[in-house]
Amino acid sequence: MGNAQLQSIHVHPVKAFRGLALREAVVEPWGLAGDRRWALIDDGGKVVTQRQQPRLALAAAELLPGGGVRLSAPGLEPLSVDVPSPIGTTTVEIFRDKVEGVLAAGAAHAWCSAYLGADVRLVHMDDPATRRLVDPDHALPGETVTFADGYPLLLTGTASLDALNSLIARGEHADEGPLPMNRFRPNVVVSGTDAWAEDGWSRLTIGEVAFRVAKMCGRCVVTTTDQGTAGRGKEPLHSLGRHRRIGGKLVFGQNLVPLDRGTIRVGDPVTVLA
């Protein structure tokens with residue numbers, strides 16, 4: 001563990017859109033600054049992700065000063081979207097949670113709907129400090145999260161991906177591998193560890209910022225989506241199902257909750273405290 005370090009940092013300004021690689025990021029209590037503060041919802045208020053719309057993998061969102069986003073996708077002119085004024089909210093259903101969000105301007109809804117060929121709206125989380133609590137079964141009092149699946153950050157390890165790709169290479173869908181890390185849509189990627197070392201972590205620091213491990217990350221169909229083509233295959237779920245079924249979940253990566261604020265940078269040392 002002496003050489004463990006932060007290899008890469010990723011934020012996803014709009015949930016389910018392509019990730020952005022950063023050299024450094026500010027850690028806020030609810031996650032990395034700019035990560036998943038925006039999401040798409042359907043006409044019933046449910047969040048739309050790559051589970052339903054794999055083509056979202058090909059859409060991108062660039063962070064703008066002040067928290068806005070510049071949307072781009074194949075076949076459409078880019079669109080800049082400002083943070084909406086929080087004069088009223090709409091209810092957003094994300095898994096079992098119902099949280100309040102603020103609708104973006106109508107042009108954003110039209111742009112996103114045109115791209116997907118489905119009626120969707122773009123919504124912004126105006127106050128992540130109060131809107132949505134982390135699952136109380138795995139949280140400390142008052143911990144909150146944005147529109148991420150359930151926890152402020154997701155950590156993965158390069159050695160674990162190498163080990164998984166070795167399993168895929170020996171399986172019946174070997175032609176699908178090796179898979180890149182973007183299949184798992186992490187926030188922080190750690191190198192210099194043993195494969196699956198993160199399974200045993202409970203507290204760590206990245207640079208000067210401390211985190212606690214909330215729980216292992218159970219994986220879904222999104223991991224089978226090629227983030228460059230939006231096509232779907234069988235892996236990695238097939239191999240995870242055979243080799244990484246833990247507690248009824250197909251596990252890859254760890255969900256983190258920040259214990260303090262600060263800035264993390266690519267190359268920062270990663271130290272396991274417990």
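Model, not experiment: these values are computed from the prediction.

S.K.: What exactly am I supposed to notice about the pairing of strand 12 (residues 121-124) here?
M.R.: On any regular strand, side chains alternate: one points to one face of the sheet, the next to the other face. Strand direction decides the pairing type here: strand 5 (residues 38-41) and strand 12, joined by 4 bridges, are antiparallel. Paired with L40 across the two strands is L122, which belongs to strand 12. For strand 11 (residues 97-103) and strand 12, the ladder comprises 2 bridges, and the chain directions are antiparallel. Following the sheet pairing, L103 is matched in strand 12 by V123.

S.K.: How should I be thinking about the pattern of salt bridges in this particular structure?
M.R.: Side chains bearing opposite charge may pair, as long as their charged atoms lie close to each other. Applying the stated criterion to the full structure yields 9 salt bridges. Note that R51 and D149 form a salt bridge whose closest N and O atoms lie 2.9 Å from each other. Linking R51 in the loop between strand 6 (47-48) and strand 7 (60-63) with D149 in the loop between strand 12 and strand 13 (153-157), this pair joins segments that are 98 residues apart in sequence. Given the relative accessible area of 40%, D149 is considered partly exposed. Taken together, the salt bridges that share partners define one network made up of K15, R51 and D149.

S.K.: How should I be thinking about the pairing of strand 7 in this particular structure?
M.R.: Of the strand pairs in this sheet, strand 7 and strand 8 (residues 69-72) are connected by 4 bridges, and their pairing is antiparallel. Residue L63 lies in a different strand from strand 8, and its bridge partner there is V69. Between strand 7 and strand 8, which pair antiparallel and follow one another directly, the connecting turn spans 5 residues, one of which, G66, has a positive phi of 90°.

S.K.: I would appreciate a short explanation of the sheet that holds strand 9 (residues 79-81) in the present structure.
M.R.: Two strands in a sheet stick together by hydrogen bonds in their backbones, pointing the same way (parallel) or opposite ways (antiparallel). Here 3 strands make up an open sheet; going across it, the order is 7-8-9 and the pairing antiparallel. With one partner strand each, in any of the chains shown, strand 7 and strand 9 form the two edges of the open sheet. Across this sheet, the average inter-strand angle for adjacent strands is 25°, counted without regard to direction. For strand 8 and strand 9, the ladder comprises 3 bridges, and the chain directions are antiparallel. When the bridges of strand 9 are listed, V69 appears paired with V81. In the packing of helix 1 (residues 106-116) onto the sheet, contacts are made with strand 8 and strand 9, and the angle to strand 9 comes to roughly 135°.

S.K.: Is there a simple way to explain the environment of T49 in this structure?
M.R.: As for its position among the elements, T49 is in the loop between strand 6 and strand 7. Accessibility expressed as a relative area gives 5% for T49, which makes it buried. Through-space distance from the C-alpha of T49 to that of P74 is 17 Å; in sequence the pair is 25 residues apart. Residue contacts for T49: discarding those within four places in its chain leaves K15, A16 and L56. There is a polar contact of 3.0 Å between the side chain of T49 and the backbone nitrogen of R51.

Rules behind the numbers
- Residues numbered from 1 in each chain as written.
- Predicted model: local features only at pLDDT ≥ 70, side-chain atom pairs only at ≥ 80, totals over all residues.
- Heavy atoms only, no water.
- Pairing = 2+ DSSP bridges.
- Helix = DSSP H or I, 4+ residues; strand = E, 2+ residues; numbered from the N terminus.
- Salt bridge = Lys/Arg side-chain N within 4 Å of Asp/Glu carboxyl O.
- Buried < 20%, exposed > 50% of the residue type's maximum accessible area, 1.4 Å probe, protein only.
- Axes fitted to C-alpha atoms, helices over the stretch in contact; angles between N-to-C directions.
- Contact = heavy atoms within 4.5 Å.
- Polar contact = N/O pair within 3.5 Å; in protein donor to acceptor, adjacent residues only side chain to side chain.

Without other data, these values stay purely geometric and don't point to any function.
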